[in-house]
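As a plain string of letters, each chain reads:
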Amino acid sequence: MLIGLTGRNAAGKGVVADYLKTKGFYFYSLSDAIRDEVRSRGQSESRELLIQVGNELRHRFGPAVLAERIIAKLDDDKNYVLDSIRNPKEVESFRNAKHFKLIRVEAPIDVRFERNLKRSREGDPLTFEKFQELEKLEASGDIASQNLVAVEQMADHRLENNGSVEQLLPKIDELVGRLLCEVPRPDWDHYFMDIAKVVSSRSNCIKRKVAAIIVRDKRVVSTGYNGTPRGTRNCNEGGCPRCNGMAVSGTNLDECLCSHGEENAIVQASYHGVSLKDGVIYTTFAPCLMCAKMIINSGIREVIFNADYPLNDSAFKLFHEAGVEARKLKVL
């Protein structure tokens, strides 16, 4: 899960981020990329300069550039807290990348100014007037600049932080605990089809990579991907004359030495003495007629496929006659 933090200067975003890090969240700040740029120029860091350089980067590389650099570093199996989100396009990028919720941290301006003075960060304003001036600079801008007002309006949740840290922490626990429980899980069909797509990456066929997995009682009992038979040269090593001859699709099928993914999944189960009776086969490509006959005879009761095969009308008629259910599940 991705939790994004937005809010005005000294609202308490850093406190929230630090606390979530103690709860196992990994942390990234979009401002870090800006700070790296400032240091590379040999300049002294100040809040005003960070705003200026951040806007320069957005104008040069696009308004979502800072978010895109962070997204490239993220792993799917980890929770992250992301600070310094200041442009609407950054929010959109995170929403498109993964399950993302934006939290707006809020506090009155007089409270925030006092916190600003206490933390004594280099480059922070020392007068209330300068504090207000910088806040206006961050508040709005063109499509490639900081625009905190627009980002705040996109927030999914608000977190009031007008008191002490001790008062804030229980609020974080309640909100983030609830958000973590809302993270969606894939249903069984998408889960197994995604596994089949990963299996297809092992295919050695140079024309098309196809795979199938067979499931019983929500447990994978066999996998198979297309390629040349056991003990022979792989297709990508020159083993299949049809594929390596770059035959036109649908022609010279009698010359193809590659076994199909469904065929290999069924044969592997037989090789290891595993029953497929009443199983479900997930395949990245709809079965051909030969694989359809093997599926029926192996006792598989349902076929779920990701993409259509143009020459399989006979296969689907046979499935219907044999009482084998077949349906398409498109997974990108």
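Now for a description of the structure that goes with this document. (Residues numbered from 1 in each chain as written. Predicted model: local features only at pLDDT ≥ 70, side-chain atom pairs only at ≥ 80, totals over all residues. Heavy atoms only, no water.)

1. Regarding the nonpolar core
In plain terms, the rule: Joining through side-chain atoms within 4.5 Å is the link that ties buried Ala, Val, Leu, Ile, Met, Phe, Trp, Tyr and Cys residues into a set, and such a set is a nonpolar core. Burial classes follow relative accessibility: with a 1.4 Å probe on protein chains only, a residue under 20% of its type's maximum area counts as buried, one over 50% as exposed, and anything between as partly exposed. Segments assigned H or I by DSSP are reported as helices when at least four residues long, segments assigned E as strands when at least two residues long, and all are numbered from the N terminus. Whether two residues touch is decided by their heavy atoms; if any such pair falls within 4.5 Å, the residues are in contact.
Core analysis: the biggest nonpolar cluster contains 21 residues, and L2, L30, L82, I85, F94 and F100 have the highest contact counts within it. Secondary-structure elements contributing two or more residues to this core are α2 (30–40), α3 (47–61), α4 (65–71), β3 (80–83), α5 (88–97) and β4 (100–106). Each residue touching F94, except ones within four places of it in the same chain, is listed here: L2, L30, A67, I70, I71, L82, I85 and F100. Judged by nonpolar contacts, the second largest core, of 18 residues, contains L5, V16, I103 and V176.

2. Topic: the packing of aromatic side chains
What counts, and what does not: Planes of paired rings set the category: under 30 degrees apart is stacked, over 60 is edge-to-face and the rest tilted, where pairs are Phe, Tyr or Trp rings (Trp by its six-membered ring) whose centres lie within 6.5 Å. By the criterion adopted, a ring carries a charge over it if an Arg CZ or a Lys NZ lies within 6 Å of its centre and within 35 degrees of its normal.
Under the defined criterion, the tally for this structure stands at 12 aromatic pairs. With 5.5 Å between their ring centres and 20° between their planes, F94 and F100 make a pair best called stacked. Using a relative accessible area of 0% as the deciding quantity, one classes F94 as buried. You can call F100 buried: its relative accessible area is 6%. When the ring of F285 is compared with that of Y309, the centres are 5.6 Å apart and the planes differ by 65°; the resulting orientation is edge-to-face. With F285 in the loop between β8 (280–283) and α13 (289–297) and Y309 in the loop between β9 (302–305) and α14 (313–322), the pair connects residues that are 24 residues apart, well separated along the chain. Among the aromatic residues, those joined into a ring-pair cluster are W188, Y191, F192 and Y282. Seen from the ring of Y26, K78 lies directly overhead, with NZ or CZ sitting 4.7 Å from the centre.

3. Here we look at unusual backbone geometry
Backbone geometry places S84, a non-glycine residue, at a positive phi of 65°. As for its position among the elements, S84 is in the loop between β3 and α5. In this model, D217 sits at a positive phi of 50°, which is unusual for a non-glycine residue. Here D217 lies in the loop between β6 (211–216) and β7 (219–225). A relative accessible area of 76% means that D217 is categorised as exposed.

4. Side note on the sheet that holds strand β2 (residues 26–29)
Here is the rule: At least two bridges found by DSSP between two strands is the condition for calling them paired. Interaxial angle, 0 to 180 degrees, is taken between N-to-C directions of lines fitted to C-alpha atoms, where a helix line uses only the stretch in contact.
Taking strand neighbours across the sheet as the criterion, the five strands line up as β2-β3-β1-β4-β5 in an open arrangement whose pairing is parallel. Where the open sheet ends on each side, the last strands, each with one partner, are β2 and β5 (157–160). Strand-to-strand twist of the sheet, defined as the mean angle between neighbouring strand axes without regard to direction, takes the value 25°. Relative to β3, strand β1 (residues 2–7) runs parallel, the two being bridged by three bridges. Note that in β3 the partner of G4 across the bridge is L82. The strands that α2 touches are β2 and β3; relative to β2, the one it contacts most, it runs at about 50°. Sheet strands touched by helix α9 (residues 165–181): β1, β4 and β5. Its angle to β5, the strand with the most contacts, is close to 165°.

5. Comments concerning α2
To keep things clear, this is the line we draw: When we speak of the arc, we mean the arc of directions from the helix axis to the C-beta atoms.
Within the span of α2, buried status applies to L30, S31, I34, R35 and V38. Taken end-on, α2 shows its buried residues confined to a sector of 135°, consistent with a single buried face. In α2, the exposed residues that point more than 90 degrees away from the buried face are R39 and S40. The inward-facing, buried residues of α2 abut β2, α3, α4, β3 and α5. G42 sits one or two residues past α2 and shows a positive phi near 75°.

6. Overview of the sheet that holds β8
Spatially, five strands are ordered β7-β6-β8-β9-β10 in an open sheet, and the strand pairing comes out mixed. Both edges of this open sheet fall to β7 and β10 (325–328), since each of them pairs with a single strand only. Strand-to-strand twist in this sheet, taken as the mean axis angle between neighbours without regard to direction, amounts to 20°. Alignment of β9 against β10, held across four bridges, turns out to be parallel. By the bridge assignment for β10, F305 is matched with K328. In this fold helix α12 (residues 261–271) packs onto β6, β7 and β8, with an angle of close to 125° to the strand it touches most, β7.

These figures capture arrangement, not role.
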